[in-house]
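# Remarks on the overall topology
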Amino acid sequence: MRNPACLIGERRAEEIKLAIGSAYPSGRDTETLAVKGRDLTAGLPRTVYVSGAEVREALREPIEAIIEAMHGCLERTPPELAADIVDNGIKLTGGGSLLPGLAELLHRQTDLPIT
């Protein structure tokens, strides 16, 4: 059964993403987390339980945008730099790189080493 729409804050969303989220199917898919927020239908406080698979689905669009942007950059990369990328791979940095499974997903999408 699908959870009702529940409004949560940005900080809590980040905590949920790091706790049970992933970019690629993993053992986190069956993990669940209690999330407290405001039911958007009734307007009342509510607790819902979300799974890692639901969080991954919620992250699907932004992750697809990252993959699309990466493909666009690689297509415009000069041949000399492309050779270096093939040899050395791509290094992920920043908060988004902490998302479990992101490096594996990007590797599967580009066939390049991702760290």
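Look up: the structure comes first, before these words.
Below or above, wherever it landed, is the structure these notes cover. (Residues numbered from 1 in each chain as written. Predicted model: local features only at pLDDT ≥ 70, side-chain atom pairs only at ≥ 80, totals over all residues. Heavy atoms only, no water.)

## Concerning the overall build of the chain
The number of helices and strands found in the chain is four helices and three strands. Each helix (α) and strand (β) of the chain, taken in turn from the N terminus, gives the series β-α-β-β-α-α-α. Its C-alpha atoms give the chain a radius of gyration of 17 Å, clearly above 13 Å, the size a compact globule of 115 residues would have. Projected onto its principal axes, the C-alpha positions of the chain cover 60 × 25 × 25 Å. In the chain, 57% of the contacts between residues at least 6 apart in sequence involve partners at least 24 apart. Between the centroid of the 13 positive side chains of the chain and the centroid of its 17 negative side chains there is a distance of 10 Å. (Helix = DSSP H or I, 4+ residues; strand = E, 2+ residues; numbered from the N terminus. Rg over C-alpha atoms; globule rule 2.2 N^0.38 Å. Contact = heavy atoms within 4.5 Å. Lys, Arg positive; Asp, Glu negative; His and termini not counted. Charge placed at Lys NZ, Arg CZ, Asp CG, Glu CD.)

## A short note on the nonpolar core
Residues Val 50 and Ile 63 are the most contacted members of the largest nonpolar core, which totals 20 residues. Going through the elements one at a time, helix 1 (10-20), strand 3 (45-51), helix 2 (52-75) and helix 4 (102-110) are the ones with two or more residues in this core. Among the elements that line this core, the one with the most residues is helix 2, at five residues. (Core = buried A, V, L, I, M, F, W, Y, C linked by side-chain atoms within 4.5 Å. Buried < 20%, exposed > 50% of the residue type's maximum accessible area, 1.4 Å probe, protein only.)

## A look at the pattern of salt bridges
One pass over the full model with this rule turns up seven salt bridges. The residue Lys 17 makes a salt bridge to Glu 14 at a minimum N-O spacing of 3.2 Å. Of the two residues, Lys 17 and Glu 14 are both situated in helix 1; the distance of three residues between them amounts to about one turn of the helix. On the basis of relative accessible area, Lys 17 is assigned to the buried category, the value being 18%. Note on Glu 14: relative accessible area 34%, which makes it partly exposed. Arg 60 is paired through a salt bridge with Glu 64; the nearest N and O atoms lie 3.5 Å apart. (Salt bridge = Lys/Arg side-chain N within 4 Å of Asp/Glu carboxyl O.)

## Topic: the pairing of strand 2 (residues 32-39)
When strand 1 (residues 6-7) meets strand 2, the two strands line up antiparallel, connected through two bridges. Along strand 2, the bridge assignment pairs Leu 7 with Arg 38. Judged from the seven bridges that link them, strand 2 and strand 3 form a sheet pairing that is antiparallel. Residue pairing in the sheet places Lys 36 in a bridge with Thr 47 of strand 3. Here strand 2 hands over to strand 3 after five residues, with Gly 43 in that stretch at a positive phi of 80 degrees. (Pairing = 2+ DSSP bridges.)

## Digging into the side chain of Asp 39
Of note, Asp 39 is situated in strand 2. When its relative accessible area of 5% is taken as the criterion, Asp 39 is described as buried. Separated by 2.7 Å, the side chain of Asp 39 and the backbone nitrogen of Thr 41 make a polar contact. (Polar contact = N/O pair within 3.5 Å; in protein donor to acceptor, adjacent residues only side chain to side chain.)

## Considering the sheet that holds strand 3
One open sheet accounts for three strands, arranged 1-2-3; its pairing is antiparallel. Unpaired on one side and paired on the other, strand 1 and strand 3 mark the two borders of the sheet. Against the sheet, helix 1 contacts strand 2 and strand 3, and its axis sits at roughly 165 degrees relative to strand 2. (Axes fitted to C-alpha atoms, helices over the stretch in contact; angles between N-to-C directions.)

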